[in-house]
Every structure is written in C-alpha cells, then in structure tokens.
Amino acid sequence: MFKFKSLFLLLIIATLCFQCKSPNSSVETKIDKLISEMTIEEKIGQMNQLTGLGLNDDMKAQIKNGTVGSILNEVDVNIVNELQRIAVEESRLGIPLIFGRDVIHGYKTIFPIPLGQAASWNPKVAEIGARIAAQEASSVGIRWTFAPMVDVTRDPRWGRIAESCGEDPYLTSIMGAAMVKGFQGDKMSDASSIAACAKHFAGYGAAEAGKDYNTTWIPEMLLRDVFLPPFKAAVDAGAASFMCSFNDINGVPSSANKHLNVDILRNEWKYDGLLVSDWGSIEQIEDHGAAENLKEAAEKAITAGVDMDMMGFAYNYHLKELVNSGKVSEDLVDNAVRNILRIKFRLGLFENPYTKVQKDAFYKPEALEAAKNAAIESAVLLKNNSLLPIDKKFKTIAVVGPLADAALEQFGTWSFDAEPAHAITPLAAIKQMYGKEYKIIAEPGLVFSRDSNATGITKAVAAARKADVVLVFAGEEAILSGEAHCRADISLPGLQNQLIAELKKTGKPIVLVVMAGRPLTIEKQISESDAVLYAFHGGTMAGPALADLIFGKAVPSGKLPVTFPRMVGQIPVYYAHKNTGRPGTNFVTIDKIPIGVFQTSLGNTSFHLDAGDKPMYPFGFGLSYTTFSYSKVKLSAKKMDAKAKITAECTITNTGKMEAKEIVQLYVRDVAASLARPIRELKGFEKITLKAGESKTVKFEIAADQIGFWNLENKYITEPGEFRVWISKDSQSGEPVSFRLE
Ligand code: GLC
C-alpha cells in the first residue's frame, strides 16, 4: 500500500513540476485542443480583423459564424459587450473577440506625443502614461493597443516622427520597453491590462524623402544596428504583438518579408506573440508590385508569418482555397491561429470576456497630474537670454499665437478619443494661475497655424506694444503630423513667421513656445526671440505644464530626442553619423565667399555652402534655468578584454541657483573597425536631480557586447582597438577619454 501511495505522490509532484516548469503548458494544451476542433473556416476567421461597425447585422452574423477574430475601433462598451456576447455565447466554439484601438499616447487623458515623451528621457513618464492609457481604454473594452511605435527615424519631414521616440535606437528601446510595461501591467490577464503592439516592423522610419509609405533601402547591417534594436527590446519587454510596416525594405514589402518575420522575429528572437498586418498591408503587396493579385498576396503573407489580416480580406477570400489546393500548408494556418489564441488566453478573455462598465474611469486627478508632469518633462528649453522664468517685475503679459488657446491642436496626432473640453490650453492656464498677479492681454494674431490671413497680426502687435513681455505660442496644428501627414517644408506654417517678425519690431522681449509634431526649421524665429521652449504637442495638460515652466514653478529638463536641422536641405542629419574621409572642417560658407573668386577650394570637406556642417540643435540638447558643470571622465581601466567591463564616471555639479534635473548621457565611439562606425553612439543615460551647488558622480558600466556592431556577414561583433567615451550634456559636447579593447 505504502509503495502505491508514494508512487501516486510522485506522479502528482511530477505533474505539478511539469506544470510550473512551463506555466503556459496548460494554455498550449487548451490551444491545441481548440485548434483540433476548429474548421478551416473558423481558423481563418480568427485571422480576420475588421473595423467596428456598431451592431451591424452582417458583422453580428460573421461573429456568430466564427469568422471574425478581432474588431478594432469599437469604443462603445455596450456594443463591445454585445458583440462579445455573440462570439462567446452564440458561436460554435465560443472563442472571444479581442478589441483593438490606437491608444498611442493616452485614451481620454492625453499625454505628450511619443516624440515629446522621448524628450523627457524618463522611461517612468512613458510607463505611467501607458498604464493610465491602459486603465482608461480597458474600461470601454479595448484590450489591445497598436503601440508603442518604435520606428527609429532621422527624417522630420515624415509625419510619423511625431509617434516615434526619435532618431536613436538606444533611447527608443528604453522608452518603447517602458510603454510595453505600462500597457501590459504586471499581469496581462488583469482587466486593466492591454496587449501592446510593437510597430511598424520594420524600417518604416527610413521612408525615402520622408514621404509616408515610401520605399526604403536599408542594408541588413544598418537594419540590425539602427532599426531592429527597439523591436528586440520590445520582445524582451514581453510585447504581446507586433505589427507589420507598410513599406518595402529593398523591394520586399514587410507583410511579405519572410526573412524579417520568420528568420529574425520567430527563429532568431524566438518570438511567440501575434503578428498583425497593418491596415490592408497584405492587400497592398499587390500595389507594391510584389504579387499578381490578392490571392498571391495572401499566400506571400501567410508564408511570411503574418498571423492576422487587418482589414485586408486577403485571408478571408483566399486562404481556404490556398490550403485546399495544397499551395499553403494548414500548419501555417494553425501556427497563426495558435499565436492569436495565445494572446486571448494571456489576456484572460476566455475566463473574463466581458467588460465591467465603470463610471468616471477617465480624467482621474492622478491621471491629469501625471499628464501635466509628462508635459513638463517633455518640454525642451532651446534658448534663454535670462528671460525665463518670467520675472515678477513684468506687470502686463501679451499672450499671442494660434496655438495659445487651441485645445484640439495641443493633443497632437493619434488622439482619436481626446476631448477638447477637457484640455487646458496655455492661455486658460495662464489666466487661471496668474491672472491675478499679471494683466493678461490675449490676441491670437492668427486663427490657426496655417492661417494666411494677416488681419489679426495688427491686433497682436498692438497687444504686444501694451505689454512688458510677449508669450508667442506657435507651431503646427495636430493634423500636420502623424500618418500620411508629411511636409516637404518644415518651417512654421501660415503667416506665423510674419507674426513673429512683426512682434520683434515692437522691441518687447519675446518668449517663443513651439507646439509641433516634429522638429521645425525656425532658425530666424529663434534669433528673433529671447527665449524658446519647444513643447512638441503636450496633450490635455499642456497648458498648466507650460504655465509652470514659464513662470518658474517648474524647471525645463527635456533634451532633444531628434536632431533639429537648420534647413530642410540638410536632411538626413543626425548625430550618429559617420566621420567620412573629409569631416566638415575649415570650410567657407556661401555668405563668406569673396565676389568674383576663381574656381578655388572653399574647404574640400563635407558641408553645405549655405548651411555648414552642423544642425541647428544636436540630439540630446536642452537647457535648464540653472547650469551644470561636468568633470573630466574617469575610466576604471585603460585596457579591457572582451569578457570584462569598464566603468566610466563623471561628476556633475549644479553651478546655478535653482534645483533642477539634468540628463547625463554616455556616448561611445569605435575609432577604427572593419567598417567605419558612427562618431558617437548613445550607450546610456541617467536623469539626475541636483540642488543648487550639489554634485553627483554618475557611473556607467560598459561591456564589450554593448559596443559592437553588425558586420557584412550579419554577425554582431566587437573588435579590439581604441574606443572613445564621452559623458556629456548632449551629443556634441564633452571631451572623450579612450580605452583599448584587447
Ligand atoms: C494605420 C497605422 C497603424 C494603425 C492602424 C490601425 O494605418 O499605420 O499604425 O495602428 O492603421 O489604426
């Protein structure tokens, strides 16, 4: 008897171990069982994502037939629950739907656009923003967001730079991973967690001419060095899904790119999440000219590992025939369905498919406070002739410009569910918070950013003449950035430049506050202003945040996540560029060329006659109301072998009068390698707070595997030789110290 008992006990323990060893084994077992029961129509149904049409009868019938796996853009919780009820209680297998929505930088409480959040260099800002977005969106039944967008881009003409975290793979990786964490929470099955979606896989930000959807030419080593790392970081952060990009890479549309989606994403990175196409991107394989028809597009996409077809109907119309004809193995369909069911199990949708209707889920005080803080940390001080913060000696303040009181515009792009009535504009905040201390005169001068009607400028100038200081809120309407909203001229739209020039003539001190979805070419406007605060699009609480910054309740700490060109002709211009054989030095610019000079050297180095070789502001640049000094960098060794690590440290001192934050940046350069490497690459950063006079020593560890690169054989290598290290306030400052990797 005893033997039998101990055997039984052993069996129990073994089963439990097996269970706990692979916690998902029970999910995989359930998935396998479900798949074994599904018809081919039901399998293909799971791979079909449709946009919400309310309680449309045809939609309800499709759900009942089990031929819809996901719905996007339905945000009426009662409709969500009713459609879910049909799926769960009326379809044959009761597989729940997953409801998706672009909750990119907030659902109702809107945070700064991701480019602005990246300027905070604070992953907590991104994580908290995503967490609040998830809490608000999940309250209406959204359990899948199509974010974070982790496309690196070096082209501010591209409208979607607004949704990106800028030009650097390391910063984008850190911020993107933080957003994944925020969206998905500690447990994906919590009702307030929503599945993240790393997008757009991949290389979308390299669109030629900064024109959306345009072709890209990306050598694999550049793809792996620059464009893929943030996606790998999203995998490591546990992103539940990925989305294909619209572009082709070297002629292969991403939705048909087996090397990208299978070799790299599945086989190299061992990714088991869901890969969804972008809107119609499977169908567009034909438009790319990479498929004869929708059927061939479907075949290419399923072969390239795309699990779900967002509004493309390719799978719906052709996959069954492709499987029945033997052109496509049903195993490929089963794999796709497996990935789809897995995300639904992980979200707990089988156990809890319905959404509990909540009251006042939106705009909670703590959400608004977090959004205000995010907007404060996202603003970058570009210039300050001691005008900011506003001195109490000023009694009358003119608030002008088309963005001073434009609630809708300060949300920025991808803010479908935002409500202007809940936004606080800069003018409203300044009146509310400082209307008693100062006389405020408000005159927009222009009605909207593209306004070409100059009649209002006279009034704005008149207001300025009556004031002691002028606050100009300029920039772009929200619609001028985002998807398919690219600009070939990235100066201030409309007559804003004329407005600023007229204001300048009054001789009054000018604070220029820019709210935009991209870097703008505003060199002249900056020269006409005494202080410039770049706020990107700051979201619901942009007003109170900017008021605190302008009047000194908060101190600017943001740093640029993207290079600001002097003129559009410099693009692409970015900090991590190669040195070239003739780096831009001792050149003569166009205004310095003597008249009648014969064909002579103007400096045979890499520069533009009419722009020089430097941008307006470099990546990582940002001022404060205080100043900081950086000590010489100290290294723990002068030599390092490939297995060791080296520590670099620097002491930063707040040499001014105000407590402030400083973003300390670590850059490394591989001085001589088998391939020319960038003159600097960001390898670390730390945001510190220092009281006036306080010092702090910041230390960074550098390991060999952080400073390698992908070579022509598609291998990640770190080669011996000299490496230079900077710890600096931006990507152009500081003195390097060297070490040798043995
Ligand atoms: C759009 C975008 C993508 C978005 C999707 C759903 O075209 O490219 O980022 O998530 O469609 O709205």
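Look up a bit, the structure's there.
In short, a report on the structure. Numbers given to residues run from 1 along each chain, matching the order in which its sequence is written. Side-chain atom pairs in this predicted model are given and counted only at pLDDT of 80 or more, local residue features only at pLDDT of at least 70, and totals for whole chains, interfaces and linings cover all residues. The side-chain quantities take in all heavy atoms of the structure and omit both hydrogens and water.

Here the focus is the nonpolar core. Nonpolar core, defined: a set of buried Ala, Val, Leu, Ile, Met, Phe, Trp, Tyr and Cys residues in which side-chain atoms within 4.5 Å join the residues together. A 1.4 Å probe rolled over the protein chains alone gives each residue an accessible area, and that area as a share of the maximum for its type sets the label: buried under 20%, exposed over 50%, partly exposed in between. Counting 116 residues, the largest nonpolar core has F242 and Y315 as the members making the most contacts within it. Segmentation of the chain into domains, including their bounds, is taken from an automatic or database domain assignment. Split by domain, the residues of this core number at least three in each of domain 1 (99–346) and domain 3 (628–741). Those residues in contact with F242 that lie beyond four places of it in its chain are C197, A198, F201, F231, V235, L265, W269, Y271, L274, L275 and V276. In this structure, A375, I646, A704 and I707 belong to the second largest nonpolar core, which totals 61 residues. Contacts are residue-level and defined by heavy atoms, with any inter-residue pair within 4.5 Å sufficient.

In this analysis, rings of Phe, Tyr and Trp, with Trp reduced to its six-membered ring, are considered paired at centre separations within 6.5 Å, and the interplanar angle assigns stacked below 30 degrees, edge-to-face beyond 60, and tilted for intermediate values. Under the criterion given, the structure shown has 27 aromatic pairs. Each ring, one from W121 and one from F685, has its centre 5.1 Å from the other, and the planes form 80°; the classification is edge-to-face. On the criterion of sequence distance, the pair formed by W121 in the loop between α6 (114–119) and α7 (123–138) and F685 in strand β22 (residues 681–690) is long-range, its members being 564 residues apart. By the burial criterion, W121 is buried, and F685 matches it. Aromatic side chains F201 and F231 sit 5.1 Å apart centroid to centroid with 65° between the ring planes, which places their arrangement in the edge-to-face category. With F201 in strand β5 (residues 197–201) and F231 in helix α10 (residues 229–236), this pair connects stretches of sequence that are 30 residues apart. Residue F201 is classed as buried on the basis of its relative accessible area, which comes to 0%. The class of F231 is buried, set by a relative accessible area of 0%. Strands here are runs of E lasting at least two residues and helices are runs of H or I lasting at least four, both read from the DSSP assignment and numbered beginning at the N terminus.

Any space left empty among the atoms is revealed by the rolling of a water-sized probe across them. For each structure, a 1 Å grid was placed over the protein atoms alone; sets of points admitting a 1.4 Å probe that cannot get out are labelled cavities, open sets with protein on both sides within 12 Å along at least five of seven lines are labelled pockets, and lining residues have an atom within 4 Å of a point. Grid points are joined across faces, edges and corners, and a volume is the space filled by probe spheres set on the points. Evaluated as defined, the whole model comprises three cavities of 30 Å³ or more. One number sums up the size of the largest cavity: a volume of about 90 Å³. Lining the largest cavity are 13 residues, and of these Q46, G66, S91, L93 and I95 lie nearest its centre. Taken as a whole, the second largest cavity encloses approximately 60 Å³ of empty space. Together, I104, H105, G106, F111, Q117, A126, G129, A130, A133, M179 and F183 line the second largest cavity. Tallying contributions element by element places α7 first for the lining of the second largest cavity, with four residues. Residues were grouped as follows: Ala, Val, Leu, Ile, Met, Phe, Trp, Tyr, Cys and Pro as nonpolar; Asp, Glu, Lys and Arg as charged; and all remaining residues, including Gly, as polar. Residues of the lining of the second largest cavity, tallied by class, amount to seven nonpolar, four polar and no charged.

Quick look at the sheet that holds β5 now. Spatial ordering of the open sheet is given by β5-β6-β9, a layout of three strands whose pairing is parallel. Edge strands, defined here as strands with exactly one partner in the open sheet, are β5 and β9 (274–276). Adjacent strand axes in the sheet meet at a mean angle of 25° when their direction is disregarded. The rule for pairing is simple: two strands pair if DSSP sees at least two bridges between them. Note that β5 and strand β6 (residues 241–244) share three bridges and pair parallel. Opposite C197, over in β6, you have S241 as the bridge partner. Only C-alpha atoms enter the line fits that serve as axes; for helices the fit covers just the stretch in contact. Angles between N-to-C directions range over 0 to 180 degrees. The strands that helix α11 (residues 258–268) touches are β5, β6 and β9; relative to β9, the one it contacts most, it runs at about 160°.

Across its 13 residues, helix α2 (residues 25–37) extends 18 Å between first and last C-alpha, which sits within 8% of the 18 Å expected from 1.5 Å per residue. Turning to α2, its buried residues number three or more, namely S25, V27, I31, L34 and I35. What a helix is expected to span follows from its residue count: subtract one and scale by 1.5 Å.

Right, let's get into the layout of surface pockets. Of the pockets and cavities examined, the largest pocket occupies roughly 900 Å³. Around the largest pocket, the lining comprises 36 residues; the ones closest to its centre are P169, R224, D225, V226 and P229. Only α8 (169–184), α9 (220–227), α10 and β22 provide two or more residues apiece to the lining of the largest pocket. Per-element accounting of the lining of the largest pocket gives the leading share, five residues, to α9. Of the residues belonging to the lining of the largest pocket, the class tally is 20 nonpolar, four polar and 12 charged. Here the lining of the largest pocket gathers at least three residues from each of two domains, domain 1 (99–346) and domain 3 (628–741). Along the wall of the second largest pocket there are 29 residues; nearest its centre are H577, K578, D613, K614 and I679. Class assignment for the residues of the lining of the second largest pocket results in 11 nonpolar, 12 polar and six charged.

In this text, near means that some heavy atom of the residue lies within 4 Å of the molecule or strand in question. Near the ligand, the surroundings consist of 13 residues, among which D102, R160, K199, H200 and D278 are the closest. Between an oxygen atom of the ligand and a side-chain N or O atom of K199, the distance comes to 2.7 Å. The definition of a polar contact used here is a pair of N or O atoms within 3.5 Å, where within protein one atom must be able to donate a hydrogen and the other to accept one, and adjacent residues in sequence count solely through side-chain atom pairs. In the environment of the ligand, an oxygen atom lies 3.0 Å from a nitrogen or oxygen atom belonging to the side chain of E483. Methods summary: accessible areas were calculated by the Shrake-Rupley approach with a probe of 1.4 Å, and residue burial reflects only the protein chains presented. Relative to its unbound accessible area of 310 Å², the ligand is 94% covered by the protein chains. Partitioning the shell around the ligand into residue classes produces seven nonpolar, one polar and five charged.

Here the focus is the pattern of salt bridges. Whenever a carboxyl oxygen of Asp or Glu lies within 4 Å of a side-chain nitrogen of Lys or Arg, that contact is scored as a salt bridge. Within this structure, the stated rule accounts for 47 salt bridges. A salt bridge links E419 to K108, with the nearest nitrogen and oxygen atoms 3.8 Å apart. A residue pair is termed long-range when its members are at least 10 positions apart, and E419 in the loop between α17 (407–411) and α18 (426–434) and K108 in the loop between β3 (98–101) and α6 qualify at 311 residues. With relative accessibility at 29%, the residue E419 sits in the partly exposed group.

Read from one edge of the open sheet, six strands run β11-β16-β15-β14-β12-β13, paired in mixed fashion. Among the strands making up the open sheet, the edge pair consists of β11 (380–384) and β13 (439–443). Adjacent strand axes in the sheet meet at a mean angle of 15°, parallel and antiparallel pairs treated alike. Where strand β12 (residues 396–400) lies against β13, five bridges are found, and the strand directions are parallel.

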